[in-house]
Amino acid sequence: MKKFSMLFLFLLSAMIVIAGCGTAEDKGTNQEGNGAKTTEQDLLSKVKEEGKLLIGTEGTYPPFTFHDDKGELTGFDVEIAREIAKRLGVEAEFLETQWDAMFAGLDAKRFDMIANQVGIRPDRQEKYDFSDPYITSAAVLVVHADNAEVKSFEDIKGKKAGQSLTSNYADLARSFEAEIVGVEGFNQAVELINSKRVDVTINDKLSVLDFKKQRPDAAIQIVDTSEDAAKSGLMFRKGNEPLVEEVNKALAEIIEDGTYEEISVKWFGENVLK
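The structure presented is a predicted model; accordingly, all values stated were derived computationally and were not measured.

S.K.: Go over the packing of aromatic side chains with me, naming the residues and quoting the values.
M.R.: A ring pair, where both rings are aromatic, is described by two values, the distance of the centres and the angle of the planes. Scanning all chains against the criterion turns up 10 aromatic pairs. Between Y61 and F64 the ring centres are 5.0 Å apart and the planes differ by 40°, which places this aromatic pair in the tilted class. For F64, a relative accessible area of 0% gives the class buried. The interplanar angle of 45° and the centroid separation of 5.8 Å between the aromatic rings of F64 and F268 together place this pair among those described as tilted. Placement of the pair is F64 in the loop between β1 (52–57) and β2 (66–67) and F268 in helix α9 (residues 259–268), with a sequence separation of 204 residues. Each member of the pair, F64 as well as F268, carries the same accessibility label: buried.

Dropping the structure here:
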């Protein structure tokens, strides 16, 4: 009887240990599963919980993102981003940085997204996610008003082009074998053209037209327009699909209810979505 009692206690203890191990293993699996789900929704949850969307932008690129006469940050991209944040139920908080440091800032999680007319292109899509396109425009070639030598993109071979080093426009200038001179933004490129320290700059047509509207006395002219229209989107780190989806929903609402066209006409005089 004593042996039977000892055997029964041994078996009972073993069953408790096995059951305990199974429970711990199950808990670990559940925690891992919940962790994966939390990771996927982490950024959207963070944005919602903190009540703010951190947005990287240049702040020196009119009419998309710049400071008005009162020093307030404004522009087409700024208004679109603010409206999207509003539809998400959070505040838009802008963190300004130079273009060439902007992608690194997104990588370092300083921003949740970038709103700076970032061109959607395959090499960027390999590393980043984009929203649906929210603006379409073509590149134009800008020279000094008295420059009669450069009349087309083919004429810029060996010429000095003032460009942000990692921009689409710098790549286009390189494709025509121009010598790239790094600038911090469009305004600096124009100043270098005015002082004839660079020969050309390639930039967005809408941006150039807005600049000429604001400064009709600027000694610059558009001499050529690219046939390829570029589409731009809001940019995100990979792995934040829930946030991208919510931003796309907000963008679709803005387009559908006429808010997008209102903002677009304000800055460009027409709808620039297509």
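S.K.: Would you mind going over α9 in detail, with residue names and values included?
M.R.: Buried within α9 we find T259, Y260, I263, S264, W267 and F268. Across the axial projection of α9, the buried residues extend over an arc of 130°, all falling on one side. Exposed residues on α9 whose side chains face more than 90 degrees from its buried face are E262 and K266. Phi for G269, located one or two positions after α9, is positive at around 80°.

S.K.: Please give an account of the nonpolar core that cites residues and values.
M.R.: Counting 62 residues, the largest nonpolar core has L53, F76, I84 and I135 as its most contacted members. In terms of residue count, the dominant contributor to this core is helix α2 (residues 76–88) (seven residues). Beyond its immediate stretch of four places on either side in the chain, F76 contacts P63, F64, Y134, I135, Y260, I263, S264, W267, F268 and V272.

S.K.: Give me unusual backbone geometry: which residues, what numbers.
M.R.: At the junction of P62 and P63, the peptide bond is cis and its omega measures out at 0° in the coordinates. The residue P63 is located in the loop between β1 and β2 in this model. Of note in the backbone geometry, E177 takes a positive phi value of approximately 65° without being a glycine. As for its placement among the helices and strands, E177 is situated in the loop between α5 (168–175) and β9 (179–182). One non-glycine residue, K196, lies in positive phi territory at about 60°. Looking at the element boundaries, K196 is found in the loop between α6 (186–194) and β10 (200–204).

S.K.: Requested: an account of the packing of α2 against α9, with residues and values cited.
M.R.: Interaxial distance between α2 and α9 falls to 10 Å at its minimum, and their mutual angle equals 160°. Considering their axes alone, α2 and α9 lie roughly antiparallel with respect to each other. Once α2 is placed against α9, the crossing between them reads as right-handed. On α9, the residues touching F76, E79, I80, E83 and R87 of α2 are T259, Y260, I263, S264, K266, W267 and F268.

Procedures and definitions
- The numbers attached to residues start from 1 for each chain and follow its sequence in the written order.
- Reporting of local features is limited, given that this is a predicted model, to residues whose pLDDT is at least 70; pairs of side-chain atoms are given and counted only at 80 or more, and all residues count toward the totals for whole chains, interfaces and linings.
- With hydrogens and water stripped out, all remaining heavy atoms of the structure feed into the side-chain values.
- Ring geometry is summarised as follows: Phe, Tyr and Trp rings, the Trp one being its six-membered ring, pair when their centres sit within 6.5 Å, and such pairs are stacked at plane angles under 30 degrees, edge-to-face over 60 and tilted between the two.
- Only protein chains enter the calculation, and the probe is 1.4 Å; a residue is then buried if its accessible area is under 20% of its type maximum, exposed if over 50%, and partly exposed in between.
- Helical segments are the DSSP runs of H or I of at least four residues, strand segments are the runs of E of at least two, and each set is numbered from the N terminus.
- Think of the arc as the fan of directions from the helix axis to the C-beta atoms.
- Nonpolar cores were defined as sets of buried Ala, Val, Leu, Ile, Met, Phe, Trp, Tyr and Cys residues, with membership established by side-chain atoms within 4.5 Å.
- Contacts are assigned to residue pairs that have any heavy atoms within 4.5 Å of one another.
- The axes are straight lines fitted to the C-alpha atoms, using for helices just the contacting stretch, and the angles between their N-to-C directions are given from 0 to 180°.
- Working definition: roughly parallel below 35 degrees, roughly antiparallel above 145 degrees, roughly perpendicular at 65 to 115 degrees, and oblique for all remaining angles.
- Handedness of a helix crossing follows the sense of rotation of the near helix relative to the far helix, less than a right angle counterclockwise being left-handed and clockwise being right-handed.

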